[in-house]
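Okay, here's what each chain looks like letter by letter:
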Amino acid sequence: MTDEAILPDLYGRWLKDCLSGPIPAESQANCAHCVMLPLPGEAAPAGFYFEPAIKCCSYLPELHNFLTGQILNAQDPDMQAGRRTVEARIAAGAGVTPLGLAPAADYMLLYRHSRPAFGRSKALRCPHYLEERGHCGIWKYRESTCATWFCKHRRGALGQSFWRDYLQPLLAWVEHSLALWCALELGFELEALRPYLTPTQDGETEGLQPEQLERRADPRAQKRLWRHWLGREEEWYRACARQIAELEWQQVLAICGPEVKAMARLARQAYERLLDHRLPPRLEPAACELVQIRDGTLRISSYSALDPVEIPSAILPVLHYFRDCKVREAIEAIAEQENIRLSDDLVIKLADFGLLQITTDREAEEPPDPRPGGDNGASHLE
Ligand code: SF4
């Protein structure tokens, strides 16, 4: 059992160099044994769990040219079914460009307005999800959003922020920049690429054309776009994959420009915070939502409705001790006056999961409490 995050080979190799170390696995989010499905006989809160035939694959990813090519080039017999889903997208023609496979505009419109249906409606299910196998058909080559999304995080809000706010944007910029670089290196007609020279915007779609609603490509537009590559789109994507196959992270940085350099620095800082297990000097109670009362425990939702934590019932009423005093003083006061000894691990987890929050105005004044690193454990707090 590895304690290192399982990323697509290419991204895993680059991020290890970028961060100068391995990323701890999000072991609470187990895609092989989905933790977002109810256990047999379990009384599930309404709208909490996913549908088994969908799981979290309620998404239609953009597959940039080199990722598409990697999937087409994959020789592994296990990849055959997944490869066919990509071939089907290419054959359909809509959103098929020299930079990759763009998500259909009508899907994105639906997706942005269907938050409660995430994980629960087949209308949103990804075409690369293989229902008969119960998992993703292109997992080894999944793109930035799929590679960085987890339903649960060992370090709660801190972990979610690391993946969502730092690694995903970094990889998304890398994807866009490298897709364009491949096209330049391979001598694609520049004028044809002009409409694609900015990253995909995730804003509201401004009215859909009939062909977008019907997900068909306009043959004349495709001919103008693809020029002499028309009909050889798969060959093009395979060539793009070969362009990036051997790139090292330093080469990626040199190709991708200042945005990616800046994001890589920010990602390194976020990585250091992720690995930092010291007590913050000051914390205060944060807003959270009581989801369920069980025997002696409370299930509480804070940073994400998908990742509630369970804490002993006695803990919640003592969190007010953290207001207006240092963390160490609060821990001692709780021990003396309530006869409850909170371990450093537990206080850090309360902060990670957003039941306590760092007091920002005093954050810069005091250094964190030095303390050796510890195990992250699960989201069940004791
Ligand atoms: S590409 Fe794979 S991981 Fe991503 S949404 Fe589709 S099936 Fe799920």
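Residues numbered from 1 in each chain as written. Predicted model: local features only at pLDDT ≥ 70, side-chain atom pairs only at ≥ 80, totals over all residues. Heavy atoms only, no water.

Turning next to the sheet that holds strand β7 (residues 289-294). Two modes of strand pairing occur in sheets, parallel and antiparallel, and in both the strands are linked by backbone hydrogen bonds. A sheet is described by the order of its strands in space; here three strands give the open sequence β7-β8-β9, paired in antiparallel fashion. Every interior strand has two partners, whereas the edge strands, β7 and β9 (309-312), have only one. Here the strands of the sheet are splayed against their neighbours by 30 degrees on average, with no regard to which way each runs. Here five bridges tie β7 to strand β8 (residues 297-301), and the two strands are oriented antiparallel to one another. Paired with Gln 292 across the two strands is Arg 299, which belongs to β8. (Pairing = 2+ DSSP bridges. Helix = DSSP H or I, 4+ residues; strand = E, 2+ residues; numbered from the N terminus. Axes fitted to C-alpha atoms, helices over the stretch in contact; angles between N-to-C directions.)

Tracing the chain through its elements places Gly 119 in the loop between α4 (105-112) and β4 (129-130). Residues Gly 119 and Pro 52 lie 67 residues apart in sequence; the distance between their C-alpha atoms is 8.6 Å. Each residue touching Gly 119, except ones within four places of it in the same chain, is listed here: Phe 50, Glu 51, Ile 54, Lys 55 and Ser 58. (Contact = heavy atoms within 4.5 Å.)

A word on the side chain of His 153. In this fold, His 153 is placed in the loop between α5 (144-148) and α6 (156-185). Excluding residues that lie within four positions of it along the chain, His 153 makes contacts with Glu 26, Gly 159, Gln 160, Trp 163, Tyr 303, Asp 307 and Phe 353.

A few words now on the domain arrangement of the protein chain. Here the protein chain is partitioned into domain 1 (9-275) and domain 2 (283-363). Each of domain 1 and domain 2 has a C-alpha centre, and these two points are 36 Å apart. Contact residues are listed per partner, giving 16 residues for domain 1 and twelve residues for domain 2. Buried area between domain 1 and domain 2, summed over both chains or domains, comes out near 1000 Å², and the portion from carbon and sulfur atoms is 51%. Inspection of the region where domain 1 meets domain 2 yields one salt bridge. Linking Arg 155 and Asp 352 is a salt bridge whose minimum nitrogen-to-oxygen distance equals 2.8 Å. Along the contact surface separating domain 1 from domain 2 lie five residue pairs in polar contact (both at pLDDT 80 or more). (Domains from an automatic or database assignment. Buried area = accessible area lost by both parts, 1.4 Å probe. Salt bridge = Lys/Arg side-chain N within 4 Å of Asp/Glu carboxyl O. Polar contact = N/O pair within 3.5 Å; in protein donor to acceptor, adjacent residues only side chain to side chain.)

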